[in-house]
Structure formats: C-alpha cells, structure tokens
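Chains, contacts and geometry: an overview
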Protein chains: 2
Amino acid sequence: MPMLSADVNRPEIVVELRELCSAYDRALIANDVDALVDFFWNDALARRFGVTEELYGADDISAFRKARVVDYSDRKTVNETLVTFGDSMAIAAVEFTATIAGSPRHGRQSQVWVRFADIGWRIVSAHVSHRVSPANAGAFGQSKAAAYVAAASDFLDMPIDPDFMPNVVNDIATMSKIIAPLMALDLSEIEPAPKFTA
Amino acid sequence: MPMLSADVNRPEIVVELRELCSAYDRALIANDVDALVDFFWNDALARRFGVTEELYGADDISAFRKARVVDYSDRKTVNETLVTFGDSMAIAAVEFTATIAGSPRHGRQSQVWVRFADIGWRIVSAHVSHRVSPANAGAFGQSKAAAYVAAASDFLDMPIDPDFMPNVVNDIATMSKIIAPLMALDLSEIEPAPKFTA
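In this text the structure is predicted, and so the values were computed from the model without any measurement. (Residues numbered from 1 in each chain as written. Chains lettered and ligands numbered in written order. Predicted model: local features only at pLDDT ≥ 70, side-chain atom pairs only at ≥ 80, totals over all residues. Heavy atoms only, no water.)

Bringing the overall build of chain A into the picture now. The helix and strand tally for chain A stands at six helices and six strands. Computed over C-alpha atoms, the radius of gyration of chain A comes to 24 Å, more than 25% over the 16 Å expected from 2.2 N^0.38 for 198 residues, which places it beyond the range of a compact globule. In terms of overall dimensions, chain A has C-alpha extents of about 70 × 45 × 40 Å along its principal axes. Carbon and sulfur atoms make up 58% of the accessible area of chain A, which amounts to about 10,600 Å² in all. (Helix = DSSP H or I, 4+ residues; strand = E, 2+ residues; numbered from the N terminus. Rg over C-alpha atoms; globule rule 2.2 N^0.38 Å. Areas by Shrake-Rupley, 256 points an atom, 1.4 Å probe, with all protein chains shown as cover.)

Below, the discussion takes up the pattern of salt bridges. Residue and element names in this part refer to chain B. With the rule as written, the count across this model stands at twelve salt bridges over all chains. As a salt-bridge pair, Arg 10 and Asp 7 come within 3.1 Å of each other at their nearest N and O atoms. The class for Arg 10 is partly exposed, based on a relative accessible area of 26%. Under the relative-accessibility criterion, Asp 7 is labelled buried at 14%. (Salt bridge = Lys/Arg side-chain N within 4 Å of Asp/Glu carboxyl O. Buried < 20%, exposed > 50% of the residue type's maximum accessible area, 1.4 Å probe, protein only.)

With that settled, consider the confidence of the model for chain A. Residues and elements named next belong to chain A. This prediction gives chain A a mean pLDDT of 88; 92% of its residues lie at or above 70. Per-element averaging of pLDDT across chain A places helix 4 (residues 144–155) at the bottom with 80 and strand 1 (residues 47–49) at the top with 98. Both confidence scores are given for the complex: pTM 0.73, ipTM 0.73. (pLDDT = per-residue confidence, 0-100.)

Residue and element names in this part refer to chain A. Those residues of helix 3 (residues 58–67) not exposed but buried are Ala 58, Ile 61, Ser 62, Phe 64 and Arg 65. Taken end-on, helix 3 shows its buried residues confined to a sector of 160°, consistent with a single buried face. In helix 3, the exposed positions angled more than 90 degrees off the buried face are occupied by Asp 59, Lys 66 and Ala 67. Along its buried surface, helix 3 packs onto helix 1 (11–29), helix 2 (33–39), strand 1 and strand 2 (54–56). (Arc of directions from axis to C-beta. Contact = heavy atoms within 4.5 Å.)

Further remarks concern the relation of the copies chain B and chain A. Superposing chain B onto chain A takes a rotation of 180° plus a shift of 0.0 Å along the axis, which leaves an RMSD of 0.3 Å. Both copies are brought into coincidence by an operation consistent with a two-fold rotation axis. Of the residues that chain B buries at the interface, 100% are likewise interface residues in chain A, meaning the two copies contact each other through the same surface. (Least-squares fit on C-alpha atoms with pLDDT ≥ 70 in both.)

Turning next to the interface of chain B and chain A. Counting residues at the interface gives 70 residues for chain B and 70 residues for chain A. Where chain B touches chain A, the interface holds four salt bridges. A salt bridge links Glu 54 of chain B to Arg 131 of chain A; the shortest N-O distance between them is 2.7 Å. Our count for the chain B to chain A interface comes out at 30 residue pairs in polar contact (both at pLDDT 80 or more). When residues of the side of chain B that touches chain A are traced back to their parent elements, those giving at least two are strand 1 (47–49), strand 2 (54–56), strand 3 (76–85), strand 4 (89–100), strand 5 (103–116), strand 6 (120–130), helix 4 (144–155) and helix 5 (165–178) of chain B. When its residues are assigned to classes, the side of chain B that touches chain A shows 40 nonpolar, 18 polar and twelve charged. (Polar contact = N/O pair within 3.5 Å; in protein donor to acceptor, adjacent residues only side chain to side chain. Nonpolar A, V, L, I, M, F, W, Y, C, P; charged D, E, K, R; others polar.)

What follows is about the packing of helix 4 of chain A against helix 5 (residues 165–178) of chain A. Residue and element names in this part refer to chain A. Look at helix 4 against helix 5: their axes get within 9 Å of each other, and the N-to-C directions meet at 110°. By the criterion of interaxial angle, the relationship of helix 4 to helix 5 is roughly perpendicular. Classified by chirality, the crossing of helix 5 by helix 4 is right-handed. Of the residues in helix 5, those in contact with Ala 145, Ala 146, Tyr 148 and Val 149 of helix 4 are Met 165, Val 168, Val 169, Ile 172 and Ala 173. A per-class count over the contact of helix 4 with helix 5 returns nine nonpolar, no polar and no charged. (Axes fitted to C-alpha atoms, helices over the stretch in contact; angles between N-to-C directions. Parallel < 35°, antiparallel > 145°, perpendicular 65-115°, else oblique. Left-handed = near helix turned anticlockwise from the far one by under 90°.)

Set out below in structure tokens:
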C-alpha cells in the first residue's frame, strides 16, 4: 500500500528500530562477525557497497565480514537519523568519525531495513563511504603517480592546469623509474647517523 | 505489513521503477536541476549523502543541486540492480564510471524509492560515493601535508610506520613553511627558458 504521512515515523516502529541499530553498532564495534552476518538479509539480492568494495548477495557479504580485520575502537557516532515507513521499512543513516590506517575519516553509513513475515527485520541494503574533502578529491586517480601529483599540487598550493596534468603525471612517473636503482640500494649495512638527545 | 517472498521483485513494480530510474539518469546527465529536485521527497526527512557532503532535508538537497556544476558527460553505468518490496518500496543501486576533475572514478549510487499515496514515487534517501582503492586510502587525512605524505609514501613504495607518521607529517609541514618565501617569489618577469622542438 502507498505510504501516508501518518505512516512516517510511527513512534513504536522508531523505538523498535533504534534498538536494532544499537545492537548492530555494538556488533560492529566488537567485530562480532556472526551477529553482523545475521543482521543482513540472507538472500542473493542483499547488497552492501563499502568504502573499497561492492558486495552482491549474502554470501559475498558474509565472506567479506569473515576476512575483514577492522579496528573500530575509536569509532564515534556524530549524527544519527532514522526514518521509518509503515511497519516494515526503515532507513538508518549514521555519520561517524574513526581513525583508519592512521588517518582520521568522516564516515557515512546508510542502511535499509525491511521486516519480513518469517525472519523479522533485516538489512537488505547498505552503503558505507568516507567523505572526500575537496583537498583530497585528486587522490582518486588510478595511478600512484597521479595521486602523488594531485596531493603535492594541493599541498604546495600550486594548481596544475588540467590540460597539462597528463604530461606532469607522465614526467613524474618517468622520474620515478630513473631513480628506481637509487631507491633499490640496500642500506641495511650502513651505520645510521648518531642520534642526538637534548 | 511484513514482506513475503512473493512481495520481492513483483514484475509490474520492477518495470515501473526501471522507467523511473532511466528518467532520473537522463535528468542527471542533462543536469536538469528542476527534474532532479522533483525526484526527491519534498520533506525535511529526505536525505542525500554525496561524495563530499551530507545533506538533510529537501531544502538542502535542492540548494546543493542548484549550486552544483558537474560534468557527467562521460558517465557510464557499469552495473545496475533493482530490488522492489511490495508495491511501494524499491532500492536502486548503480555502479558507474566517470571522469571527475581529470581523474577516473568508480562511483556507486544507492537510492531508496517510496511510493506515497498523494505524490507517487519519490527518492527518500540517496548515497553516492567513489570507490577508494587501497593505494588511495591514505589520502583521506584531514591535512594537506598528511595527504601529501601518504601519496608520496605510496608512490615511492616507502611505507611509513604509523608510529612515526605524525612526526613525518609535522616535519613536512614545517619544511613547507620554511620554503614559503621561496614559493612566494614572483617569477612573472623572468624570461622562460627557450623551448626546443624536434
């Protein structure tokens, strides 16, 4: 049946979903893989887009969870919204901060929950991403050289004309090949300079 | 009412949604702002997480569309899935490629569509992101210096111990301050070196 205004955010459904979302959060922080897998719809149509991956079907999602090593110990929810429609559909959206691989991220997590007659509420679709700041947008280039040039140009406040960009990236990539033998030098036998302490 | 298996992907609902998704795609490529705004639920509870922004409420979403300059002329859908539940709810997921600011991206777009009794189908929630490759993951640091160090370390295949990272970033930031006067030199009066052509 089509939704009416009165179907949006019925208080008893909101309460039910808030509890489910809290339980999911606890499982995520604890990396409780069995619980996380069970929250998702066990169906080939379940889907999860993550920061670095696109997963289709419960099997792929489950395999991803099992293989994943994630340290969410400092994950903090900074904004949380929930909208429910009728008694069998809800959308949860969370913004969070976390330190991943030593760098601070601003994460966004969207989940669609559906209540099934036989198995109750399950997540049928999820999308997790990290906000890209304009300063970092250049880092999505597929080559490491392009990512380096974008970050260096941004750091030095030296904009590069997009027309020149392919040549600049090519030059940098060439330079890195020229210095490869130098980079490959084994310095393990060299005595490090003495370390001065105050 | 809770969903039954028979409610999932009813053929006539799938057809209806495919047409809506195609119309949305055309509006997006054409940057038809009025159409794009109209596809979204005109409500304070509508939500859109974009690559660089989190938008809450129809007003914010509309303001974002109006201010946005986006060139999606080479956007190509590479994977498209649609799941419908009952006759009033659907989830559309698209993977796409596009060149943004000169660099190729792999985008992911999730939309939740709800059919309202008075206004018909609307997007109530959307999440768009670009896939992060492991090589670029370091570029999310909040400072430009951190982004630069991550890209340089990755480009040169010189991993930096996370324990040392804050000091390395700090040193680089200090160096950039030291060379600031050099970078500020006005070279506009200097004759460029002659250009040799083959």
